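Structural overview
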Amino acid sequence: MERWQGRVAVVTGASAGIGAAIVENLVESGMVVVGLARREDHLLEIKDKLKGKPGTFHPIKTDITKEKDFNKAFQWITENLGGLDVLVNNAGVVTSYIPDGNLEDWRKIFELNVFAAGACAREAVKSMRARNIDGHIININSICSHWIPNLPGIAPYSASKHAAKVISEGLRMDLASQTSKIKVTNISPGLVATPMLDSFKEGKELNIFFEPLNAKDIADAVHYVLGTPPNVQVTELIIRPVQERI
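Fair warning: this is a prediction, and the values are worked out from it, not measured in the lab.

Next up on the list: the sheet that holds strand S2 (residues 32-37). One open sheet holds the seven strands; their spatial order is S3-S2-S1-S4-S5-S6-S7, and the pairing between them is parallel. Only two strands of the sheet have a single partner each, and these edge strands are strand S3 (56-61) and strand S7 (236-239). The average undirected angle you get between the axes of adjacent strands in this sheet is 15°. Examined bridge by bridge, strand S6 (residues 183-189) and S7 share four bridges and lie parallel to one another. Looking at the pairing, Ser 188 lines up with Ile 238 of S7.

Written out as structure tokens, the structure reads:
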């Protein structure tokens with residue numbers, strides 16, 4: 001991780017769960033980290049927690065599905081930090097049964113899990129190219145991007161995550177065809193004990209008989225892929241709890 005010390009990383013969905021754990025890991029590693037999330041109070045708590053660490057943390061209240069917020073955040077990064085070297089697309093949402101037919105819920109899922117992630121990747125590539133930086137884009141995805149787990153209400157989320165995985169791999173292929181050295185990694189965890197899992201479980205009878213992953217496990221995976229040599233690209237990393245069967 002030495003080559004990333006003092007470099008700029010942007011983490012979306014940074015206020016809790018996996019995003020907060022990734023922020024802490026990268027700041028501990030000496031990076032300048034910008035955290036984007038809607039819950040400013042949570043971001044400020046993280047900032048206080050990370051005072052005195054090797055790196056620095058810049059919280060920005062942002063709803064990345066809103067173009068005005070999105071543009072303002074990336075403009076601030078460019079003007080104040082010069083751009084970004086690492087993007088971690090972590091923000092995500094899960095909701096809705098298919099039979100309910102709630103198109104507004106489905107729209108929210110795709111706006112955040114697919115469209116906003118793609119827009120962030122676009123801005124990251126633009127910044128890296130402008131400064132001739134061989135950066136790294138890491139997309140926190142899900143095993144739901146590879147198959148549909150037997151969980152009630154998971155299909156719309158799974159559809160969005162499959163789309164995100166295809167876009168992630170398509171971005172990698174497009175960059176490779178242009179002889180770019182920007183890396184793209186898709187990390188697909190199984191069940192992780194996070195607030196998002198808690199919200200998904202509400203009103204459902206889910207018998208989880210194994211110990212889920214924790215947010216730190218995923219942060220460690222991000223640390224691992226960032227630490228690979230410049231000629232090594234981890235394109236897909238699946239992480240599952242022991243005994244997970246879904």
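Still more ground to cover, so stick around.
So, on to the pairing of strand S4 (residues 86-89). Burial of the side chains of S4 extends over both faces: Val 86 and Val 88 are buried on one face and Leu 87 and Asn 89 on the other. When strand S1 (residues 8-12) meets S4, the two strands line up parallel, connected through three bridges. From the neighbouring strand, Ala 9 faces S4, where its bridge partner is Val 86. Alignment of S4 against strand S5 (residues 136-140), held across four bridges, turns out to be parallel. Along S5, the bridge assignment pairs Val 88 with Ile 138.

Bringing unusual backbone geometry into the picture now. Of note, the phi angle at Asn 132 is positive, near 55°, even though the residue is not glycine. For Thr 179, which is not glycine, the phi torsion reads 55° and is therefore positive. Owing to a relative accessible area of 69%, Thr 179 belongs among the exposed residues under this scheme.

This part takes up the nonpolar core. If you look at the biggest cluster of nonpolar residues, it comprises 35 residues, and the most contacted ones within it are Ile 22, Val 23, Leu 26, Ile 140 and Ile 187. Each residue touching Ile 22, except ones within four places of it in the same chain, is listed here: Val 11, Val 88, Ile 140, Ala 219 and Val 222. Cys 120, Val 125, Ile 133 and Val 184 belong to the second-largest nonpolar core, a separate cluster that totals 28 residues.

A few words on the pattern of salt bridges. Inspection of every chain in the model, using the stated rule, returns ten salt bridges. As a salt-bridge pair, Glu 28 and Lys 53 come within 3.1 Å of each other at their nearest N and O atoms. Pair noted here: Glu 28 is in helix H1 (residues 17-28) and Lys 53 is in the loop between helix H2 (40-49) and S3, with a separation of 25 residues, a long-range link. Here Lys 53 falls in the partly exposed class, since its relative accessible area comes to 33%. Note that Arg 122 and Glu 123 form a salt bridge whose closest N and O atoms lie 3.0 Å from each other. Judged by its relative accessible area of 14%, Glu 123 falls in the buried class. One salt-bridge network, in which partners are shared between bridges, spans Arg 7, Asp 85 and Arg 131.

For S2 and S3, the ladder comprises six bridges, and the chain directions are parallel. Each residue of the ladder has a partner; that of Ala 37, found in S3, is Lys 61. Considered for its hand, the β-α-β crossover made up of S2, H2 and S3 is right-handed.

With 91% of its residues at a pLDDT of 70 or more, the protein chain shows a mean pLDDT of 90. Looking over the protein chain, one finds the lowest element-wise mean pLDDT in helix H6 (residues 195-201), namely 58, and the highest in S4, namely 98.

The rules behind the values
Residues numbered from 1 in each chain as written. Predicted model: local features only at pLDDT ≥ 70, side-chain atom pairs only at ≥ 80, totals over all residues. Heavy atoms only, no water. Pairing = 2+ DSSP bridges. Helix = DSSP H or I, 4+ residues; strand = E, 2+ residues; numbered from the N terminus. Axes fitted to C-alpha atoms, helices over the stretch in contact; angles between N-to-C directions. Buried < 20%, exposed > 50% of the residue type's maximum accessible area, 1.4 Å probe, protein only. Core = buried A, V, L, I, M, F, W, Y, C linked by side-chain atoms within 4.5 Å. Contact = heavy atoms within 4.5 Å. Salt bridge = Lys/Arg side-chain N within 4 Å of Asp/Glu carboxyl O. Right-handed = clockwise from strand over helix to strand, strands pointing away. pLDDT = per-residue confidence, 0-100.

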